[in-house]
Amino acid sequence: MTNITLEEIRKAAVLARLHLTDDEAVRAVSELRNIFDHLELLNEADTEGIEPLTCVTDEVNKFRDDVIAPSLDRQTVMDNAPQTDGECYLVPQVLE
């Protein structure tokens, strides 16, 4: 059995900026213990001789042809922006 504690749940909630009630925190302890216990079962599976997979199917990437097609005109695109200078989007400065 996994020994995840209420204190660990509260710490994780703070780090994730989640506001958990006492009942939600207690329920999270129980639910996470159950999840981790199920994951522990995977450690019991015999994987000797089994190659690791990067994908579960044999499919390869399906690319479409690169076809030149008309795009939206600048004015149509600029009409959807909150602010423009006529050629570019204007956004608030975030760096000094």
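Residues numbered from 1 in each chain as written. Predicted model: local features only at pLDDT ≥ 70, side-chain atom pairs only at ≥ 80, totals over all residues. Heavy atoms only, no water.

With that out of the way, let us pick up the nonpolar core. Core analysis: the largest hydrophobic core is formed by five residues, namely Ile4, Ile9, Ala25, Ala28 and Val29. In terms of residue count, the dominant contributor to this core is helix H2 (residues 22-42) (three residues). (Core = buried A, V, L, I, M, F, W, Y, C linked by side-chain atoms within 4.5 Å. Buried < 20%, exposed > 50% of the residue type's maximum accessible area, 1.4 Å probe, protein only. Helix = DSSP H or I, 4+ residues; strand = E, 2+ residues; numbered from the N terminus.)

The residue Gly49 is located in the loop between H2 and helix H3 (74-79) in this model. We classify Gly49 as exposed; its relative accessible area is 73%. Gly49 sits 10 residues away from Glu59 along the chain, and the two C-alpha atoms are 23 Å apart.

This part covers the pattern of salt bridges. According to the stated counting rule, one finds three salt bridges in the structure shown. Here Arg10 and Asp22 are joined by a salt bridge, their closest N and O atoms 3.4 Å apart. Note that Arg10 is positioned in helix H1 (residues 6-15) and Asp22 in helix H2, a separation of 12 residues in sequence. Taking the shortest distance from any N to any O, the salt bridge between Arg27 and Glu31 comes out at 3.4 Å. Linking Arg27 with Glu31, this pair stays in helix H2, spanning four residues, or about one helical turn. Its relative accessible area of 42% is what places Glu31 among the partly exposed residues. (Salt bridge = Lys/Arg side-chain N within 4 Å of Asp/Glu carboxyl O.)

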